[in-house]
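# Secondary and tertiary structure notes
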Amino acid sequence: VNIRTLGAKGDGAADDTAAFRSAIAAHRAIYVPSGSYLISDTLELRPDTVLIGLHPLATQLVLPDRTRAFQGAGPPKPMIEAPKGGTNVVIGIGLYTNGINSRAVAAKWMAGAASMMNDVRFLGGHGTANLDGTRTNPYNNNRTADPDANRRWDSQYPSLWVTDGGGGTFFDLWTPSSFASAGMLISDTSTEGRVYAMSSEHH
């Protein structure tokens with residue numbers, strides 16, 4: 001099912017959280033066409049949910065700066081959460097937690113050995129575009145921080161957190177967000193997993 005036919009706008013202005021939640025509740029495989037889909041709370045996938053994007057730079061889930069649910073001190077809060085033992089697939093999507101969301105984790109992955117994340121970019125820092133299409137400048141004038149002092153490097157939880165029995169195949173990932181404490185963290189799991197062609201930079 002095409003997420004646009006279920007009410008998502010992908011225009012970088014409307015909050016598409018409710019549309020995604022309704023789609024996940026009712027459909028297994030969800031196609032997400034190109035666009036910037038604003039998210040304001042965690043999207044909890046069902047055990048068999050499949051999200052298929054067009055391209056990780058063209059199809060993005062974006063957490064705006066200062067999103068209320070992701071502010072302040074507290075435990076990690078994911079944009080996307082794949083459940084324990086799931087056979088989830090996420091492919092061709094960019095995940096962007098921005099720079100002023102201190103509790104953010106782009107993806108918390110507890111899905112099982114038969115799950116897959118393929119062609120996903122965790123946006124932030126180098127090569128990231130603004131919602132109007134212009135390039136984000138990742139540096140201040142002496143290349144020691146972001147130009148906005150409120151967007152602090154290393155201020156968020158890891159971009160991809162595989163934990164609590166998570167595993168699966170992770171292929172063709174680019175995880176350069178300078179705001180995340182790590183590109184990928186693996187903890188508390190003995191589930192089979194494999195990583196191919198992952199570029200983890202700028203942490």
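Residues numbered from 1 in each chain as written. Predicted model: local features only at pLDDT ≥ 70, side-chain atom pairs only at ≥ 80, totals over all residues. Heavy atoms only, no water.

So, about the sheet that holds strand β13 (residues 184-186). Here five strands make up an open sheet; going across it, the order is β4-β7-β9-β11-β13 and the pairing parallel. Every other strand in the sheet has two partners, leaving β4 (43-44) and β13 as the edge strands with one partner each. Note: β4 against strand β7 (residues 77-82), two bridges, orientation parallel. Looking across to β7, one finds that Leu43 is bridged to Ile80. (Pairing = 2+ DSSP bridges. Helix = DSSP H or I, 4+ residues; strand = E, 2+ residues; numbered from the N terminus.)

Our next topic: the pattern of salt bridges. Applying the stated criterion across every chain yields a total of six salt bridges. Notably, a salt bridge pairs Lys77 with Asp41, separated by 2.8 Å at the nearest N-O pair. Here Lys77 is found in strand β7, whereas its partner Asp41 is found in the loop between β3 (35-38) and β4, with 36 residues between them in sequence. For Lys77, a relative accessible area of 15% translates into the label buried. Asp65 is paired through a salt bridge with Arg151; the nearest N and O atoms lie 2.7 Å apart. (Salt bridge = Lys/Arg side-chain N within 4 Å of Asp/Glu carboxyl O. Buried < 20%, exposed > 50% of the residue type's maximum accessible area, 1.4 Å probe, protein only.)

In this structure, Arg66 is a non-glycine residue whose phi angle is positive, near 65 degrees. One can find Arg66 in the loop between β6 (59-62) and β7. Notably, Asp172 is not glycine yet its phi reads approximately 60 degrees, a positive angle. Of the residues examined, Asp172 reaches a relative accessible area of 35% and is grouped as partly exposed.

What follows covers the environment of Gly85. The topology assignment puts Gly85 in the loop between β7 and β8 (89-96). Here Gly85 falls in the exposed class, since its relative accessible area comes to 57%. For the pair Gly85 and Thr191, spaced 106 residues apart in sequence, the C-alpha separation works out to 9.4 Å.

Along the polypeptide, Gly99 turns up in the loop between β8 and β9 (104-109). Its relative accessible area of 3% is what places Gly99 among the buried residues. Expressed as a C-alpha distance, the spacing of Gly99 and Asp154, which sit 55 residues apart in the sequence, is 9.3 Å. When near neighbours in sequence (up to four residues on either side) are disregarded, Gly99 contacts Asp65, Asn150, Arg151, Arg152, Ser155, Gln156 and Phe179. (Contact = heavy atoms within 4.5 Å.)

The tendency in soluble globular proteins is for nonpolar side chains to be buried side by side. Counting residues in each nonpolar core, the largest one holds 35 residues, and the members touching the most others are Leu61, Leu95, Trp109, Met117 and Leu160. Those elements that place two or more of their residues in this core are α1 (17-26), β2 (29-32), β7, β8, β9, β10 (116-123), β11 (160-162) and β12 (168-175). (Core = buried A, V, L, I, M, F, W, Y, C linked by side-chain atoms within 4.5 Å.)

Mapped onto the elements, Ser177 comes out in the loop between β12 and β13. Every residue in contact with Ser177, bar those within four places of it in the chain, is listed here: Phe122, Leu123, Gly124, Ser159 and His203.

Before going further, it helps to examine the packing of aromatic side chains. One pass over the structure, following the stated rule, counts three aromatic pairs. Plain terms: the ring middles of Tyr139 and Trp153 are 6.1 Å apart, the flat faces sit at 75 degrees to each other, and that makes the pair edge-to-face. Here Tyr139, found in the loop between β10 and β11, pairs with Trp153, found in the loop between β10 and β11; they are 14 residues apart in sequence, far enough to count as distant. One Lys or Arg, Lys77, reaches over the ring of Phe70 and ends 5.5 Å from the middle of that ring. (Phe/Tyr/Trp six-rings, centres within 6.5 Å; stacked < 30°, edge-to-face > 60°. Lys NZ or Arg CZ within 6 Å of the ring centre and 35° of its normal.)

So, on to the pairing of β2. Only one face of β2 is covered, namely the face carrying Ile30 and Val32; the face carrying Ala29 and Tyr31 is uncovered. Here β2 pairs with strand β5 (residues 50-53) via four bridges, running parallel. Following the sheet pairing, Tyr31 is matched in β5 by Ile52.

This part is about the side chain of Asn101. For Asn101, the position within the fold is in the loop between β8 and β9. Judged by its relative accessible area of 1%, Asn101 falls in the buried class. From its side chain, Asn101 meets the backbone nitrogen of Arg66 in a polar contact 3.4 Å long. For Asn101, the side chain forms a polar contact with the main-chain oxygen of Thr97, separated by 2.9 Å. What Asn101 contacts, discounting residues up to four positions off in sequence, is Leu63, Pro64, Asp65, Arg66, Thr67, Phe70, Gln71 and Gln156. (Polar contact = N/O pair within 3.5 Å; in protein donor to acceptor, adjacent residues only side chain to side chain.)

Geometric descriptors of this kind do not, in isolation, establish any biological role.
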